[in-house]
Every structure is written in structure tokens, then in C-alpha cells.
Amino acid sequence: LRRYGLAPRSTAIDAQSLDSRFLDSARLLAETGRELARRGWTPATSSNFSARVSTDRAAITISGRDKGRLDVDDIMLIDLEGRAVGTDARPSAETLLHTQLYRRYPEIGAVLHTHSHSATVMSRLCADEGEIRIEGYELLKAFRGIATHQSTLVVPVFGNTQDMEELAGEVDAYLDAGHHLYGYLIEGHGIYTWGKDMPEARRHLDAFEFLLSCELEQRRLRP
Ligand SMILES: [Zn+2]
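Keep in mind the model is a prediction, meaning the values are calculated, not measured.

Reading the values: the criteria
- Residues numbered from 1 in each chain as written.
- Predicted model: local features only at pLDDT ≥ 70, side-chain atom pairs only at ≥ 80, totals over all residues.
- Heavy atoms only, no water.
- Helix = DSSP H or I, 4+ residues; strand = E, 2+ residues; numbered from the N terminus.
- Buried < 20%, exposed > 50% of the residue type's maximum accessible area, 1.4 Å probe, protein only.
- Donors = N, O, S within 2.8 Å, 3.2 Å for Na, K, Ca; no water.
- Tetrahedral: all angles 85-135°; square planar, octahedral: opposite > 155°, others 65-115°.
- Pairing = 2+ DSSP bridges.
- Axes fitted to C-alpha atoms, helices over the stretch in contact; angles between N-to-C directions.
- Contact = heavy atoms within 4.5 Å.
- pLDDT = per-residue confidence, 0-100.
- Core = buried A, V, L, I, M, F, W, Y, C linked by side-chain atoms within 4.5 Å.
- Polar contact = N/O pair within 3.5 Å; in protein donor to acceptor, adjacent residues only side chain to side chain.
- Left-handed = near helix turned anticlockwise from the far one by under 90°.
- Nonpolar A, V, L, I, M, F, W, Y, C, P; charged D, E, K, R; others polar.

Quick notes on unusual backbone geometry
No. 1: Backbone geometry places A44, a non-glycine residue, at a positive phi of 55 degrees.
No. 2: One can find A44 in the loop between helix 1 (11-38) and strand 1 (48-54).
No. 3: Residue classification places A44 among the exposed positions, given a relative accessible area of 73%.
No. 4: A positive phi angle is found at T45, which is not glycine, with a value near 65 degrees.

Written out as C-alpha cells, the structure reads:
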């Protein structure tokens, strides 16, 4: 190996590659956060974003930071139980809602949560039904695995609570019941969505935002 200039695998090298992967994820999260803030989807330091760094580590926004000014210093490393790794910083209060997805689905690479206007209003309008059914839009094809506008996207609306264990339990129960899920709303709060990597998570978030704003506009025009 050495003859070809390749170092043998060692713990030190693994740690180094974890560091550099964390830094790549932190840069990507900061850039993504600033973009989403420019769209007005992250008011008043709300919202949180994460990316998988390895099988058992993720990078996530530190609690309470202004998402319009995110930098790599605003991102921290956590394990998949939501505990800080190598830092005293405090992760987002909603970290458990991110880590439950990484634990459950090894293929998930990024999770995005915003408090946008459309998601918040629609979550209140549809709280009683407990879900929003989105049908007939060409843009449904933005979601992984959906190939036609003749599809129905069911978006559950979970009740809001400050008890993250309880909320994560509701999401798990929904998934345990065999429902396929691209994202969900929390009443009066916002939206969670994800993807295999950041571009896919962004595409899903953009599609949700567009579709929810269309649904909202339709209800305004034809209540
Ligand atoms: Zn939130």
C-alpha cells in the first residue's frame, strides 16, 4: 500500500475523514439554511436542518441561531441519540425528530424543518382532518418514486407539543402502521421533510412549499 502512496486504514485516519465530512456537511447546512431563510421560511431563529455524516453521526444546527446568518460555527456534531459529540453546544430542541429518521432509515441523508407561512397556515386549516391529501399536480413528480400527476400525496398533521418524545412517538406509530411518508406537518408549527441527500431533501421541501401554497390559495379563492 505504502508503495502506491496509500496510507493503511487506521483510527486516526477515520477520525480525520469524519472531521472533513463534518466540515463538508456544516458548509452545506449553513448554505442551505441561508437560502431557506432568504425565502422567509425560517422566521425568528426558528427551523432546523441536519445532514448525516456517517452511519452513527449527524451534523445539525445549534439551537437558537439566526438561520439567515448561518456559518459552519453554527453547526454541531451529534450521535443518533441526539447527544452532542466533541462540543458543549446545545443541539436544536427538536433534534430527536431528526435522529429518529436517521436511526430508522439508513438511506436518509438530510432532514429539513421550516416554519414557513404556507406550512403553518395549512397545518391549522387541516388539523381537524389530521391530514392533507394533495392530488392532481404535475409537481407531485418532484417526490422520489412518484411518476405521475395521478397520484395522491397524504401529508399527516400531528398535534404540536413541547414533548419531543411524544411527538417522535406519534411519527413512529404512523410509520409503524405502514404509511409511506415524504414529510409531515405539525399543527401551528411547520413542516418536516427529508431525502437521500441534501439536493433531494431540498427538492422535496420546495415541492411541499409550492403544493401547500397552491392548496392554500385554492381554499382562499374557493372556500
Ligand atoms: Zn420547529
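Alright, that's what it looks like, and here's the rest.
Describing the coordination of the zinc ion
Each pair of donors in an ideal four-coordinate tetrahedral metal site encloses 109.5 degrees, whereas pairs in an ideal six-coordinate octahedral site enclose 90 or 180 degrees.
No. 1: Here the zinc ion is held by E94 (OE), H113 (NE2), H115 (NE2) and H189 (NE2), and the distances to it run 2.1 to 2.4 Å.
No. 2: Coordination at the zinc ion is irregular, judged from the 4 donor atoms that bind it and the angles of 90 to 148 degrees they form at the metal.
No. 3: Counting gaps between the donor residues of the zinc ion yields the pattern E-x18-H-x1-H-x73-H. Taken as a pair, H115 in the loop between strand 4 (110-114) and helix 3 (117-125) and H189 in the loop between strand 7 (183-186) and strand 8 (190-195) lie far apart in primary sequence, 74 residues in all.
No. 4: Relative accessible area serves as the criterion here: at 9%, H189 is assigned to the buried category.

Some thoughts on the sheet that holds strand 7
No. 1: The strand order 3-2-1-4-8-7-6-5 describes an open sheet built from 8 strands, whose pairing is mixed. Pairing within the sheet leaves two strands with one partner each, and these edge strands are strand 3 (75-79) and strand 5 (131-135). If you compare each strand with its neighbour and ignore which way they point, the axes differ by 20 degrees on average.
No. 2: The pairing of strand 2 (residues 57-61) with strand 3 spans 5 bridges and is antiparallel. Residue pairing across strands places I60 opposite M76, the latter belonging to strand 3.
No. 3: Where helix 4 (residues 164-176) meets the sheet, it contacts strand 6 (152-158) and strand 7, and its direction lies at approximately 150 degrees from that of strand 6.

Focus: the confidence of the model for the chain
No. 1: Summing up the model confidence of the chain, the mean pLDDT is 92 and the portion of residues at 70 or higher is 94%.
No. 2: Low pLDDT (under 50) marks residues 1-10, which in the prediction has 6 contacts with non-local residues, meaning those over four places away or in another chain.

Side note on helix 2 (residues 95-104)
No. 1: Counted residue by residue, helix 2 has 7 buried out of 10 residues, so it is predominantly covered.
No. 2: Those residues of helix 2 that fall on the buried side of the exposure criterion are T95, L97, H98, T99, Q100, L101 and Y102.

Notes on the nonpolar core
No. 1: With 40 residues, the main nonpolar core has I132, I134, F143, L153, L185 and L212 as its most contacted residues.
No. 2: Among the elements of the structure, helix 1, strand 1, strand 3, strand 4, helix 3, strand 5, strand 6 and helix 5 (198-221) are those that each provide at least two residues to this core.
No. 3: When residues of this core are assigned to their parent elements, the largest contribution, 9 residues, is made by helix 5.
No. 4: Listed in part, the 23 residues of the second largest apolar core include L80, V111, L167 and L175.

Points about helix 3
No. 1: Looking at helix 3, one finds that the buried residues are S118, A119, T120, M122 and S123.
No. 2: Where helix 3 is buried, its residues contact strand 5, strand 6, strand 7, strand 8 and helix 5.
No. 3: Two or three places before A119, at the opening of helix 3, S116 has a side-chain oxygen 3.2 Å from that residue's backbone nitrogen.

Re the environment of G159
No. 1: Counting through the fold element by element, G159 comes out in the loop between strand 6 and helix 4.
No. 2: Separated by 36 residues in sequence, G159 and S123 place their C-alpha atoms 9.2 Å apart.
No. 3: When near neighbours in sequence (up to four residues on either side) are disregarded, G159 contacts L167, E170, I186 and E187.

What about the packing of helix 2 against helix 4?
No. 1: Orientation of helix 2 relative to helix 4, taken along the N-to-C sense of each, is 35 degrees, at an axis distance of 9 Å. Between helix 2 and helix 4 the crossing geometry is right-handed. Residues L96, L97, Q100 and R104 of helix 2 form the contact with helix 4, whose participating residues are M164, E165, L167, A168, V171, D172, L175 and D176.
No. 2: Across the contact of helix 2 with helix 4, the residue classes tally to 7 nonpolar, 1 polar and 4 charged.

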